[in-house]
Structures are given as structure tokens and as C-alpha cells.
Amino acid sequence: GGVEGLGGARGVAVSPTDGASVYVIGRDDDALAAFTRSAATGKLTYLEVHRNGVAGVEGLDGVRGVAVSPDGASVYVAGLSDDAVAVFARGGDGALAYVEVHRDGVGGVEGLGGACSVAVSPDGANVYVAGLYGDALAAFERSAATGELTFLEAHRNNVGG
């Protein structure tokens, strides 16, 4: 029992639309922990944990970054050791459902080597991931309906313009 997934807590994100959910990534646990937040007191209640390699979840090995979409419907996690970005759908109670993973070098995706940071554009249309090992920035188009990502392009340090 008790709270799980906070080993090596590395990053935190709050649902922007309602402030009702707080998500924390645990690098040492390769995990994403979810909490509900009381608007009245700010106190947190542990909800659940998602771990790399458990129940089909992939892309959380060496988690380094977490972001919630502006509409509050999706959570994105950068997995440094997996060279990946994992996608979760957020339910009304803040609980998460694993949707998909995108990995560097798979299906034409580039720029995720050492994925260490993730951000969602203010309009929710795009997701950006920094790749530490590739000195790169990967850009994805985001489906507003499902939160799923489609790879657009990657930019690398000292390459192109």
C-alpha cells in the first residue's frame, strides 16, 4: 500500500483546465504517479501509478519530462532511456489510460534520442520533445480528439536552418 512511483521524483505537471490533477514522474521507478488535488485546500490524494513494462505501458524508462495538454485531456511523458514519448489519456477523475508510444528510429520518428523534456503548444495542436543524445528537437502533430501524435519533423544542432 501507500504512494508509489516517486523514486527519483524528477518532474511535476498540473492539469491546466481544472487544477484537479497533479502528475509526478519518478526516474528511479520508471513511473508516472497521479494525484487528485483539492481546490479548497491544495492537499493531494494519491490516485494511481503507471510503470514502464507493466500493463502494456511503454516509454517510461528513465522518465525525465511530463506535460499536460492545455485542454487537460492528455498527458505526455519523455523517457530518456527509451528514447521515447509516451501518451496517456486523462479521464474526468484524473485517472490515466495508456494510449501509445513513439520511439526514436521507429516508423520514421527522429530526434527522440535521450528524450528529456516535453511541451505542448498553447493551442494544443503540437507536442515538442527535446532529445538530449541527438542534440535534437522533435515536433509532433496532436489529435485533439484522442491525444495521439503524428511525427512532423526533427531539427538537429548545426544541421540545416
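Located above this text is the structure these notes cover.
Report on the accompanying structure. (Residues numbered from 1 in each chain as written. Predicted model: local features only at pLDDT ≥ 70, side-chain atom pairs only at ≥ 80, totals over all residues. Heavy atoms only, no water.)

For the rest of this paragraph, the subject is the side chain of histidine 50. Examined against the element boundaries, histidine 50 turns out to sit in strand 4 (residues 44-51). Here histidine 50 falls in the buried class, since its relative accessible area comes to 13%. At a separation of 3.2 Å, a polar atom in the side chain of histidine 50 contacts the main-chain carbonyl oxygen of leucine 96. Dropping the residues within four chain positions of it, histidine 50 is found in contact with Asp30, Ala31, Leu32, Val57, Leu60, Phe88 and Leu96. (Helix = DSSP H or I, 4+ residues; strand = E, 2+ residues; numbered from the N terminus. Buried < 20%, exposed > 50% of the residue type's maximum accessible area, 1.4 Å probe, protein only. Polar contact = N/O pair within 3.5 Å; in protein donor to acceptor, adjacent residues only side chain to side chain. Contact = heavy atoms within 4.5 Å.)

The next point concerns the sheet that holds strand 7 (residues 84-90). The antiparallel open sheet is built from four strands, whose spatial order is 5-6-7-8. Taken across any chain shown, the strands that pair with only one partner, and hence form the sheet edges, are strand 5 (63-68) and strand 8 (96-103). Across this sheet, the average inter-strand angle for adjacent strands is 20°, counted without regard to direction. Examined bridge by bridge, strand 6 (residues 74-79) and strand 7 share six bridges and lie antiparallel to one another. When the sheet's bridge partners are listed, serine 74 is paired in strand 7 with alanine 89. (Pairing = 2+ DSSP bridges. Axes fitted to C-alpha atoms, helices over the stretch in contact; angles between N-to-C directions.)

What follows is about the sheet that holds strand 12 (residues 149-156). Spatially, 9-10-11-12 is the arrangement adopted by the four strands of the open sheet, whose pairing is antiparallel. Two strands close off the open sheet at either side, each with one partner strand: strand 9 (115-120) and strand 12. Ignoring which end each strand starts from, the neighbouring axes of this sheet average 20° apart. Alignment of strand 10 (residues 126-131) against strand 11 (residues 136-142), held across six bridges, turns out to be antiparallel. Counted as the bridge partner of valine 127 is phenylalanine 140 from strand 11.

Inspection of the entire model under this criterion finds six salt bridges. Between arginine 90 and aspartate 18 there is a salt bridge, and its shortest N-O distance comes to 3.1 Å. Of this pair, arginine 90 sits in strand 7 while aspartate 18 is found in the loop between strand 1 (9-14) and strand 2 (21-26), placing the two residues 72 residues apart along the sequence. Using a relative accessible area of 41% as the deciding quantity, one classes aspartate 18 as partly exposed. When salt bridges that share partners are traced, they join Glu58, Asp82 and Arg103 into one network. (Salt bridge = Lys/Arg side-chain N within 4 Å of Asp/Glu carboxyl O.)

What follows covers the pairing of strand 4. Where strand 3 (residues 31-37) meets strand 4, seven bridges bridge the pair, whose relative direction is antiparallel. In the strand pairing of strand 4, alanine 34 is matched with glutamate 48. The hairpin turn running from strand 3 into strand 4, its antiparallel successor, is six residues long, and glycine 42 in that turn takes a positive phi close to 80°.

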